[in-house]
Amino acid sequence: MTTLLKNSLYERLGGYEAIAVIISNLYDRMLGHPYIWYYWKGRSTDSKATEYRLFIDLVCASAGGPVISQGQDMKTAYKGLGISKVEWEFFIDLSAETLDQPRLHEREKEELFSLLTRSK
């Protein structure tokens with residue numbers, strides 16, 4: 001099991017805290033985006049915090065970490081919201097911008113980008 005974790009995306013990214021920093025950056029970008037912020041309009045601070053934590057857990061679990069995701073997969077969680085193709089492209093762009101940082105190696109950027117965007 002140790003070998004598996006060492007080679008997992010979770011481990012290569014630096015574990016839970018490192019992934020939380022990346023997701024925090026992405027989440028802040030989404031909440032501040034002029035065209036998609038309204039998906040969180042009317043949601044309480046507590047509700048946003050819960051969604052944020054579940055998002056981190058989902059990414060950590062999907063990246064091969066020893067984290068159990070207790071929420072739904074992204075496709076199920078956002079079903080029925082009517083996210084348009086244009087709004088999805090904004091998410092893709094925000095994900096790419098978030099991952100465009102020097103401390104991430106190209107392989108990890110590509111794998112995490114794929115993980116984030118495959119739930120369309």
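Before reading further, recall that the structure is shown in the block above.
Because the structure is predicted, anything quoted here is derived from the model rather than measured.

*Asks:* Any chance you could break down the overall build of the protein chain for me, citing the residues and the numbers?
*Replies:* Looking only at helices and strands, the protein chain features seven helices and zero strands. Secondary structure elements of the protein chain, listed N to C terminal, follow the sequence α-α-α-α-α-α-α. Here the C-alpha radius of gyration of the protein chain, 14 Å, is about what a compact globule of 120 residues would show, namely 14 Å. Projecting the C-alpha coordinates of the protein chain onto the three principal axes gives extents of approximately 45 × 30 × 20 Å. Burial statistics for the protein chain: of 120 residues in total, 37% are counted as buried.

*Asks:* Lay out helix 3 (residues 16–32) in plain terms, naming residues and giving numbers.
*Replies:* Residues lying three or four places apart along an α-helix face the same way, a consequence of the helix completing one turn every 3.6 residues. The terminal C-alpha atoms of helix 3 lie 24 Å apart, and with 17 residues this matches the ideal 24 Å at 1.5 Å per residue to within 8%. Listed in full, the buried residues belonging to helix 3 are Ala 18, Ile 19, Ala 20, Ile 22, Ile 23, Leu 26, Tyr 27 and Met 30. On its buried face, helix 3 is in contact with helix 2 (9–13), helix 4 (45–62), helix 6 (85–99) and helix 7 (106–117).

*Asks:* So, the packing of aromatic side chains: which residues are in play, and what are the values?
*Replies:* Two descriptors summarise a pair of aromatic rings, namely the distance from one centre to the other and the angle between the planes of the rings. According to the stated counting rule, one finds seven aromatic pairs in the structure shown. Measuring from ring centre to ring centre gives 5.4 Å for Tyr 35 and Phe 90, while their planes differ by 10°; the resulting arrangement is stacked. Here Tyr 35, found in the loop between helix 3 and helix 4, pairs with Phe 90, found in helix 6; they are 55 residues apart in sequence, far enough to count as distant. According to the relative accessible area criterion, Tyr 35 is exposed, its value standing at 52%. Each member of the aromatic cluster is reached from another via a ring pair, and the members are Tyr 27, Trp 37, Tyr 38, Tyr 39, Trp 40 and Tyr 52.

*Asks:* So what's going on with the side chain of Gln 101? Which residues, and what values?
*Replies:* For Gln 101, the location among the structural elements is in the loop between helix 6 and helix 7. At 2.8 Å, the side chain of Gln 101 forms a polar contact with the backbone oxygen of Thr 98. Leaving out residues up to four positions away in the same chain, Gln 101 has contacts with Ile 22 and Lys 109.

*Asks:* Give me the lowdown on the environment of Thr 50, citing residues and values where you can.
*Replies:* By the secondary structure assignment, Thr 50 is in helix 4. Its relative accessible area of 30% is what places Thr 50 among the partly exposed residues. Each C-alpha atom, one on Thr 50 and one on Gly 32, is 18 Å from the other, the two residues being 18 residues apart in sequence.

*Asks:* Which residues make up the pattern of salt bridges, and what values do they have?
*Replies:* Counted by the stated rule, this structure contains seven salt bridges. Between Glu 111 and Arg 107 there is a salt bridge; the shortest N-O distance is 3.1 Å. Pair noted here: Glu 111 and Arg 107 are both in helix 7, with a separation of four residues, about one helical turn. Here Glu 111 falls in the partly exposed class, since its relative accessible area comes to 28%. Look at Arg 107 and you get exposed, because its relative accessible area is 51%. A network of salt bridges, in which partner residues are shared, links Arg 12, Arg 107, Glu 108 and Glu 111.

Parameters and conventions
For every chain, the first residue of the written sequence is number 1, and numbering continues from 1 along that sequence. For this predicted model, a pLDDT threshold of at least 70 governs which residues receive local features, and a threshold of 80 or more governs which side-chain atom pairs are given and counted, while totals over whole chains, interfaces and linings are taken from all residues. Each side-chain value is derived from all of the structure's non-hydrogen atoms; neither hydrogens nor water enter the calculation. A run of H or I in DSSP counts as a helix once it spans at least four residues, and a run of E counts as a strand once it spans at least two, with each numbered from the N terminus. Values of the radius of gyration come from C-alpha atoms, whereas the globule rule sets the reference at 2.2 Å times the count of residues to the power 0.38. Only protein chains enter the accessibility calculation, which uses a 1.4 Å probe; a residue is then buried when its area is under 20% of its type maximum, exposed when over 50%, and partly exposed in between. A helix is expected to span 1.5 Å for every residue after the first. Here, two residues are considered to be in contact whenever any of their heavy atoms come within 4.5 Å of each other. The rule is short: rings of Phe, Tyr and Trp, with Trp giving its six-membered ring, pair when the centres are within 6.5 Å, and they are stacked under 30 degrees, edge-to-face over 60, tilted in between. Under this definition, polar contacts are N or O atom pairs within 3.5 Å; protein pairs additionally need one hydrogen-donor-capable and one acceptor-capable atom, and for neighbouring residues in sequence, both atoms have to be side-chain atoms. For this document, the term salt bridge refers to a Lys or Arg side-chain nitrogen within 4 Å of an Asp or Glu carboxyl oxygen.

Purely geometric numbers; function is a separate question.
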